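Inside the fold
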Amino acid sequence: MTQTSTSIQTRRLERGWTLQELVDRCADQGASTDTGNLSRIERGNQVPTPRLRKALAELLDLDVNDFERKAG
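Below: a short report on this structure. (Residues numbered from 1 in each chain as written. Predicted model: local features only at pLDDT ≥ 70, side-chain atom pairs only at ≥ 80, totals over all residues. Heavy atoms only, no water.)

**Focus: unusual backbone geometry**
Here Asp61, not a glycine, exhibits a phi torsion of approximately 55°, which is positive. For Asp61, a relative accessible area of 58% puts it in the exposed group. (Buried < 20%, exposed > 50% of the residue type's maximum accessible area, 1.4 Å probe, protein only.)

**Section: the side chain of Asn37**
Position of Asn37 among the secondary structure elements: in helix H3 (residues 35-42). Residue contacts for Asn37: discarding those within four places in its chain leaves Gln46 and Leu52. (Helix = DSSP H or I, 4+ residues; strand = E, 2+ residues; numbered from the N terminus. Contact = heavy atoms within 4.5 Å.)

**What to know about the nonpolar core**
Among the nonpolar cores identified, the biggest contains 16 residues, and Ile8, Leu22, Cys26, Leu38, Leu52, Leu56 and Leu60 are the most heavily contacted of them. Elements that contribute at least two residues to this core include exactly helix H2 (19-28), H3 and helix H4 (50-60). Examining the composition of this core, we find that six residues originate from one element, H4, more than from any other. Beyond its immediate chain neighbours, meaning those up to four positions away, Leu22 contacts Arg12, Trp17, Leu38, Leu56, Leu59 and Leu60. (Core = buried A, V, L, I, M, F, W, Y, C linked by side-chain atoms within 4.5 Å.)

Shown next as structure tokens:
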């Protein structure tokens, strides 16, 4: 598990959001996903798309560049 994937789950839980709530908020930002995809991202088994990275960074107050480094 990467530091960024851990941060995603930690930040989501700090906000009291379920995976589905984060999916819905991402969709509102124009980044469609599903709970399975987000779960894999949180576990570090999948890298989010650029659009999803941006949405997650904005929603969870993370640095989008952290995602870029992990994806490269």
